[in-house]
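What follows is the residue order along each chain.
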Amino acid sequence: MLVLLPPSEGKASSGRGAPLKPESLSLPGLAEARAAVLDELVELCAADEEKAREVLGLSEGLRGEVAKNAELRTAGARPAGEIYTGVLYDALGLATLDAAARERAGNSLLVFSGLWGAVKVTDRIPSYRCSMGVKLPGLGALGAHWRGAMASVLPEAAGDGLVLDLRSSAYSSAWKPKGEVAARTATVRVLHAPTRKVVSHFNKATKGRIVRSLLEAGAEPGSPAELAETLRDLRYVVEEGGKAGALDVLVEEIH
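Residues numbered from 1 in each chain as written. Predicted model: local features only at pLDDT ≥ 70, side-chain atom pairs only at ≥ 80, totals over all residues. Heavy atoms only, no water.

**Description of the side chain of Ser127**
Here's step 1: Locating Ser127 in the fold gives a position in the loop between strand 5 (124–125) and strand 6 (135–136).
Here's step 2: Side chain to side chain, Ser127 and Lys68 meet in a polar contact 3.0 Å long.
Here's step 3: Sequence-distant contacts of Ser127, defined by excluding residues within four places in its chain, comprise Lys11, Ala12, Ser13, Ser14, Lys68, Leu72 and Ile83. (Helix = DSSP H or I, 4+ residues; strand = E, 2+ residues; numbered from the N terminus. Polar contact = N/O pair within 3.5 Å; in protein donor to acceptor, adjacent residues only side chain to side chain. Contact = heavy atoms within 4.5 Å.)

Listed below in structure tokens is the structure:
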């Protein structure tokens, strides 16, 4: 099973670890595309703070993110699972998983990124700010930039098991499963049962809990239908949606 996750907008600090080693990142087929984004982002942020802030869509209060990007090559690096924070990652709670579940997380979770394309949670990266919606002056829209490299790398990463796609729409633009991979790709929508509406915060938290449940159970569903049954066994209320592979998880209370 391969689980596709969005990154978090906010991130933990890089810390004092050894700096980034691009050659050590998973999915080496993305190396050239990564280098292009990293080079332009560092150059932009080091040369012109105001232009960088405009390109990255940062408020005045986030001005410090520009300086952080300018130092990406020398900043400390930490496992991506420690860098990404926020509602989904808090609910997922990677640090509190037992050893077997943490190993499964390292093998099956893939976080999409405007800067890195996609990384495993065990890949060591520095903290950064660059969403998939960014349009760099030289490379253009990052979603389009990543599409070509992803098309050749991600089908192999998906293997022959289930792909659970929990990405937001901006990150889905970088790679859309096709052909037989699409046939075994599942998406999940979290609905407030009484109103049948999506509630953003609870949607993210429930997706984090779902991934944690699957990791703890050592579940390996091979198809969207098997995933639906697995989630029901794990006490989630699941309905199969109108589109192939689309699952609705219903929750009674919003916390």
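**Focus: the layout of surface pockets**
Here's step 1: Its volume calculated, the largest pocket comes out at about 560 Å³.
Here's step 2: Those elements giving two or more residues to the lining of the largest pocket turn out to be helix 5 (87–92) and helix 10 (200–217).
Here's step 3: Tallying contributions element by element places helix 10 first for the lining of the largest pocket, with 4 residues.
Here's step 4: Within the lining of the largest pocket, the residues separate by chemical class into 13 nonpolar, 10 polar and 6 charged.
Here's step 5: Within this model, the second largest pocket holds a volume of roughly 270 Å³. (1 Å grid on protein atoms, 1.4 Å probe; cavity = no way out; pocket = protein on both sides within 12 Å on 5 of 7 lines; lining within 4 Å. Points joined across faces, edges and corners; volume = space filled by probe spheres on them. Nonpolar A, V, L, I, M, F, W, Y, C, P; charged D, E, K, R; others polar.)

**A word on the packing of aromatic side chains**
Here's step 1: Tallied over the full model, the rule gives 3 aromatic pairs.
Here's step 2: Look at Tyr84 and Tyr128: their rings are 6.4 Å apart centre to centre, the planes differ by 90°, and that puts the pair in the edge-to-face class. Highlighted residues: Tyr84 in the loop between helix 4 (80–83) and helix 5 and Tyr128 in the loop between strand 5 and strand 6, separated in sequence by 44 residues.
Here's step 3: Look at Tyr84 and you get buried, because its relative accessible area is 3%.
Here's step 4: The interplanar angle of 80° and the centroid separation of 5.9 Å between the aromatic rings of Trp116 and Tyr128 together place this pair among those described as edge-to-face. Taken together, the residues span a long stretch of sequence, with Trp116 in the loop between strand 3 (109–113) and strand 4 (117–120) and Tyr128 in the loop between strand 5 and strand 6 at a distance of 12 residues.
Here's step 5: Members of the aromatic cluster, each reached through a chain of ring pairs, are Tyr84, Tyr89, Trp116 and Tyr128.
Here's step 6: Taking the ring centre of Phe112 as reference, the NZ or CZ of Arg167 above it sits at 4.5 Å. (Phe/Tyr/Trp six-rings, centres within 6.5 Å; stacked < 30°, edge-to-face > 60°. Buried < 20%, exposed > 50% of the residue type's maximum accessible area, 1.4 Å probe, protein only. Lys NZ or Arg CZ within 6 Å of the ring centre and 35° of its normal.)

**Considerations on unusual backbone geometry**
Here's step 1: Non-glycine residue Leu27 carries a positive phi angle of around 55°.
Here's step 2: Tracing the backbone shows Leu27 in the loop between strand 1 (2–5) and helix 1 (31–47).
Here's step 3: Take Leu27: its relative accessible area is 14%, and that puts it in the buried class.
Here's step 4: Positioned with a positive phi, Arg196 is a non-glycine residue whose angle comes to about 55°.
Here's step 5: With respect to the helices, strands and loops of the structure, Arg196 is situated in the loop between strand 9 (185–192) and helix 10.
Here's step 6: Of the residues examined, Arg196 reaches a relative accessible area of 43% and is grouped as partly exposed.

**Here we look at helix 11 (residues 224–233)**
Here's step 1: All of the buried residues along helix 11 are Pro224, Leu227, Ala228, Thr230 and Leu231. Buried residues along helix 11 cover an arc of 165° about the axis, so they all sit on one side.
Here's step 2: Looking at the buried positions of helix 11, the neighbouring elements they touch are strand 8 (163–165), helix 9 (179–183), strand 9, helix 10, strand 10 (237–240) and strand 11 (246–251).
Here's step 3: Where helix 11 ends, the next residue or the one after it, Arg235, has phi of about 75°, a positive value. (Arc of directions from axis to C-beta.)

**Side note on the pattern of salt bridges**
Side chains bearing opposite charge may pair, as long as their charged atoms lie close to each other.
Here's step 1: Summed over all chains, the structure comprises 16 salt bridges.
Here's step 2: Among the salt bridges present, the one from Arg63 reaches Glu49, with a minimum N-O distance of 2.3 Å. Residue Arg63 is located in the loop between helix 2 (49–56) and helix 3 (64–70), and its partner Glu49 is located in helix 2; the two are separated by 14 residues in the primary sequence.
Here's step 3: The partner of Arg63 in a salt bridge is Glu60, and the shortest N-O contact between them spans 2.7 Å.
Here's step 4: Residues participating in the shared-partner salt-bridge network are Glu49, Glu50, Arg53, Glu60 and Arg63. (Salt bridge = Lys/Arg side-chain N within 4 Å of Asp/Glu carboxyl O.)

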